[in-house]
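Chain and residue survey
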Amino acid sequence: MKLASSPPKAARYTGPAQLLHWLIALLIFGLFPLGLYMHDLPLSVRKIELYSWHKWIGMTVLLLVAVRIGWRLTHRPPPLPGDIPAWQQAAAALMHELLYLLILCIPLTGWALSSAAGVPVVWWGIWKLPNLLPANPAMAHLLELVHDTLNYTLAALVTVHVAAALKHQFIEHDGVLLRMLPRLRR
């Protein structure tokens, strides 16, 4: 199977964009299974510890995605290869916007859920974040459903995103995936 050669330097994402992309992806790939695992555990010290870690990492993702969006607003992404059909370019743009929106909204709904449940978020056990909402069990239940739904939606979109990147790399051989990969020395 032939790998596409590295696209020209101008066609690659910047180093900070790559770092933020992969760091956020890594954290999300840890958060999702952690959330699934901890959700149905019986109330225990371990469950509370896992929820704390989940919140800490989630708030870190929120901070990183805010930085990533700021970077994206000030640094245009590299253009897609010109031979990619217009509908695929539009789909890719929409996919990126949806991913950013979800990665921003999911930690916010988790934070709001904690607030509505009357459980403060203390980032890394040091900084107590302000409550976004007053305690309200009914609102907490609704926000739990929203948070879960957004997470499953993100999982589905990430699956499509990864599949599209792999298609471009191994079927189209157009270097699209390489734009987001750090240059590796041979």
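Notes on the structure follow.

Calculation rules
- Residues numbered from 1 in each chain as written.
- Predicted model: local features only at pLDDT ≥ 70, side-chain atom pairs only at ≥ 80, totals over all residues.
- Heavy atoms only, no water.
- Core = buried A, V, L, I, M, F, W, Y, C linked by side-chain atoms within 4.5 Å.
- Buried < 20%, exposed > 50% of the residue type's maximum accessible area, 1.4 Å probe, protein only.
- Helix = DSSP H or I, 4+ residues; strand = E, 2+ residues; numbered from the N terminus.
- Contact = heavy atoms within 4.5 Å.
- Salt bridge = Lys/Arg side-chain N within 4 Å of Asp/Glu carboxyl O.

Ile24, Ile28, Val61, Leu99, Leu102, Ile103 and Leu154 are the most contacted members of the largest nonpolar core, which has 19 residues in total. At the level of elements, helix H1 (15-39), helix H2 (45-74), helix H3 (86-116) and helix H4 (137-172) are the ones that each hand at least two residues to this core. Looking at which element gives the most residues to this core, the answer is H3, with six residues. Residue contacts for Ile103: discarding those within four places in its chain leaves Ile24, Ile28, Val61, Val65 and Leu154. Core analysis: the second largest hydrophobic core is formed by seven residues, Trp56, Trp111, Val121 and Leu129 among them.

Applying the stated criterion to the full structure yields two salt bridges. Ionic pairing is found between Glu49 and Arg46, a salt bridge with its closest N-O pair at 3.5 Å. Highlighted residues: Glu49 and Arg46, both in helix H2, separated by three residues, approximately one helical turn. Since its relative accessible area comes to 38%, Glu49 is described here as partly exposed. The residue Lys167 makes a salt bridge to Glu172 at a minimum N-O spacing of 2.9 Å. Given a relative accessible area of 27%, Lys167 falls into the partly exposed group. With relative accessibility at 40%, the residue Glu172 sits in the partly exposed group.

Keep in mind these values describe shape, not function.
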